[in-house]
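# Chain and residue survey
In case you want the letters, here they are:
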Amino acid sequence: MAITSPRHAAFDILRQVENGAFADLAIDAALKRLSLADPRDRALLTELVYGVLRRRGRLDFALSRCCRQPLSKLEPAVLRLLRLGAHQLLHLERIPAHAVLNETVNLARGLGLERATGLINGVLRRLTREQQTIPWPEAHRAPQAHLEHALSLPSWLAQHLLTQFGPREACELAAALLDPAPFTLRANRIKATREILLERLTQAGHQGRETHYADQGVVLEKRGDSELPGNSEGLYQVQDQASQLIAPLLASQAGETILDACAAPGGKTTHLAALTENHARILALDLHPQRVALIRQGAQRLGCTCIEARSWDMTHAPDFIPEQSCHRILVDAPCSGLGVLRRNPELRWRRKPQDLAEMAALQGAILAGAAPLLRPGGVLLYSVCTFTREETEEVIAAFLAAHRDFARDDLRPHAPPHWQELFDEQGALCTLPHRHDGMDAFWAVRLKKR
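Thresholds applied
- Residues numbered from 1 in each chain as written.
- Predicted model: local features only at pLDDT ≥ 70, side-chain atom pairs only at ≥ 80, totals over all residues.
- Heavy atoms only, no water.
- UniProt positions renumbered as here; feature names shortened; annotations may be inferred.
- Helix = DSSP H or I, 4+ residues; strand = E, 2+ residues; numbered from the N terminus.
- Contact = heavy atoms within 4.5 Å.
- Areas by Shrake-Rupley, 256 points an atom, 1.4 Å probe, with all protein chains shown as cover.
- Lys, Arg positive; Asp, Glu negative; His and termini not counted.
- Charge placed at Lys NZ, Arg CZ, Asp CG, Glu CD.
- Salt bridge = Lys/Arg side-chain N within 4 Å of Asp/Glu carboxyl O.
- Buried < 20%, exposed > 50% of the residue type's maximum accessible area, 1.4 Å probe, protein only.
- Axes fitted to C-alpha atoms, helices over the stretch in contact; angles between N-to-C directions.
- Parallel < 35°, antiparallel > 145°, perpendicular 65-115°, else oblique.
- Nonpolar A, V, L, I, M, F, W, Y, C, P; charged D, E, K, R; others polar.
- Pairing = 2+ DSSP bridges.

- By the naming in an unreviewed UniProt entry, the protein goes by 16S rRNA (cytosine(967)-C(5))-methyltransferase and is assigned to Geoalkalibacter ferrihydriticus DSM 17813.
- UniProt's Sequence similarities (unreviewed entry) comment on the protein is quoted here verbatim: "Belongs to the class I-like SAM-binding methyltransferase superfamily. RsmB/NOP family."
- Looking at the Subcellular location (unreviewed entry) heading of the UniProt record, one finds this comment for the protein: "Cytoplasm".

### A look at the overall build of the protein
- Looking only at helices and strands, the protein features 18 helices and 12 strands.
- A sequence separation of at least 24 residues applies to 72% of the contacts in the protein between residues at least 6 apart.
- When the accessible surface of the protein is summed, it comes to about 19600 Å², and 50% of that surface belongs to carbon and sulfur atoms.
- Across the protein, the centroid of the 54 positively charged side chains sits 4 Å from that of the 51 negatively charged ones.

### A look at the pattern of salt bridges
- This structure, assessed with the given rule, holds 25 salt bridges.
- We note a salt bridge from Arg126 to Glu130, for which the minimum N-O separation is 3.1 Å. Of this pair, Arg126 and Glu130 both sit in helix 7 (residues 117-130), four residues apart, which is roughly one turn of that helix.
- Residue Asp410 pairs with Arg412 through a salt bridge whose shortest N-O separation is 2.7 Å.
- You can call Arg412 partly exposed: its relative accessible area is 27%.
- Through salt bridges that share partners, Asp240, Arg342, Arg343 and Asp440 make up one connected network.

### Some remarks on unusual backbone geometry
- The linkage connecting Ala264 with the following residue, Pro265, adopts the cis geometry, with an omega of 5°.
- Examined against the element boundaries, Pro265 turns out to sit in the loop between strand 5 (257-260) and helix 14 (267-275).
- Phi at Gln324 takes a positive value of approximately 55°, unusual for a residue other than glycine.
- Its place among the elements puts Gln324 in the loop between strand 7 (307-311) and strand 8 (326-332).
- Judged by relative accessible area, Gln324 falls into the partly exposed class, the value being 43%.

### Some points on the UniProt feature "binding site: S-adenosyl-L-methionine" (unreviewed entry) in the protein
- When the UniProt feature table is mapped onto this chain, "binding site: S-adenosyl-L-methionine" (unreviewed entry) is found at Cys262, Ala263, Ala264, Pro265, Gly266, Gly267, Lys268, Asp286, Asp313 and Asp332.
- By the secondary structure assignment, Cys262 is in the loop between strand 5 and helix 14.
- Residues contacting Cys262, with those up to four places away along its chain left out, are Leu285, Asp286, Leu330, Asp332, Ala333, Pro334 and Ile366.

### Details of the UniProt feature "domain: SAM-dependent MTase RsmB/NOP-type" (unreviewed entry) in the protein
- UniProt tags residues 173-450 as "domain: SAM-dependent MTase RsmB/NOP-type" (unreviewed entry).
- Secondary structure content for residues 173-450 is 29% helix and 23% strand, while the C-alpha to C-alpha distance between its ends is 38 Å.

### Section: the packing of helix 8 (residues 143-150) against helix 10 (residues 167-178)
- Relative orientation of the contacting elements helix 8 and helix 10 amounts to 5°, with a least axis distance of 10 Å. Classified by the interaxial angle, the pair formed by helix 8 and helix 10 is roughly parallel. Across from Pro143, His146, Leu147 and Ala150 in helix 8, the residues of helix 10 making contact are Pro167, Ala170, Cys171, Ala174 and Leu178.
- Here the contact of helix 8 with helix 10 is built from residues that sort into eight nonpolar, one polar and no charged.

### Points about the sheet that holds strand 2 (residues 207-210)
- Strands sit in the order 2-3-1-4 across an open sheet of four strands; the sheet is antiparallel. Two strands bound the open sheet, and with one partner strand each, they are strand 2 and strand 4 (236-238). Ignoring which end each strand starts from, the neighbouring axes of this sheet average 35° apart.
- Bridging between strand 2 and strand 3 (residues 217-222) involves four bridges; their strand directions are antiparallel. Looking across to strand 3, one finds that Gly208 is bridged to Leu220.

Spelled out as structure tokens, the structure:
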């Protein structure tokens with residue numbers, strides 16, 4: 001059956017994600033491959049995929065009340081169709097219920113699932129009738145169940161949030177992670193100011209606003225019909241506001257040698273180049289050669305001429321960088337990505353509790369590989385797009401215990417006054433979407449070498 005509708009395309013992308021694909025890449029490939037000329041169809045495809053992935057726990061709770069069989073006993077394709085239908089019924093009010101039922105049943109037939117059309121029709125009809133009376137667990141009575149079934153977190157992650165944040169803030173954070181992430185740009189100061197970028201966006205029919213914390217950030221609040229202006233000219237980089245805070249905290253200076261140890265896709269690398277006005281030497285390393293190519297492409301588009309990008313496994317000290325030769329090092333380490341679940345919703349269901357220990361071991365190895373390269377008096381900034389203690393405080397504590405020549409350096413004196421609320425009591429950056437202008441959850445700490 002040729003894929004011609006957004007619902008069929010969403011079904012196929014969800015199948016790919018279940019088999020290990022990344023949702024954003026699969027959506028991009030589908031939009032390029034399919035002839036969905038109507039922007040509404042393209043938007044529906046994206047909403048169906050991300051909506052089902054974000055709200056899978058919530059959808060399954062509702063479906064389980066309307067299906068006589070345990071959901072675990074259903075064949076994967078049937079459950080996938082039910083989730084697509086349930087998401088439309090529960091969360092996309094503009095689509096009439098009869099249209100949802102008809103489209104879902106017809107898609108099942110087209111996929112060769114005629115045998116399941118009665119079950120699908122019956123479950124979705126019952127959900128249509130009973131959706132207003134679903135007994136969602138209440139946050140104040142059953143916070144764990146509320147996190148799992150209303151806010152769509154796997155059980156282990158719900159418990160993790162409760163332990164780390166307490167019931168009230170755990171629920172606030174989980175609710176924020178269900179929302180679509182803001183689309184944020186960083187004005188490339190090598191070529192344009194934020195004011196110029198905002199003016200260009202307005203002239204092209206888009207609506208943007210300044211970010212509260214990042215001094216070159218723009219949140220795109222409403223897109224017009226035209227393409228964003230300035231892409232080919234390199235006027236901006238797509239980059240979340242939290243990510244835009246990292247490079248300034250390194251406080252790099254012109255003339256310095258800077259190592260970006262885990263650089264791809266290069267947003268922070270090019271930000272470092274812009275902050276030093278291309279007058280620093282920036283070594284950008286990444287494990288994967290194809291991702292190194294992304295760094296080079298981005299640097300060329302943005303006019304960043306001081307970046308040298310190459311492939312290297314930073315769990316080992318690079319043999320082409322002399323020891324104690326770097327003034328500053330950024331280790332924006334691979335992590336669980338739990339702080340960016342809005343952007344990568346498949347991670348909700350892909351991550352497992354044991355991943356945190358595995359990530360922490362990798363992060364520690366990368367820090368150990370970078371440590372000999374920093375000169376005495378130099379600065380190392382460690383950052384991750386997550387909030388788990390295992391990947392933040394515990395990684396740094398283990399590193400400092402093994403490297404007595406390093407010490408924590410409170411970030412607060414190095415930040416503007418209006419950033420002070422972004423730091424914890426030890427001076428580490430700790431951003432959370434429900435607290436801080438909707439930005440992603442990031443954590444960063446600054447270390448100094450004696």
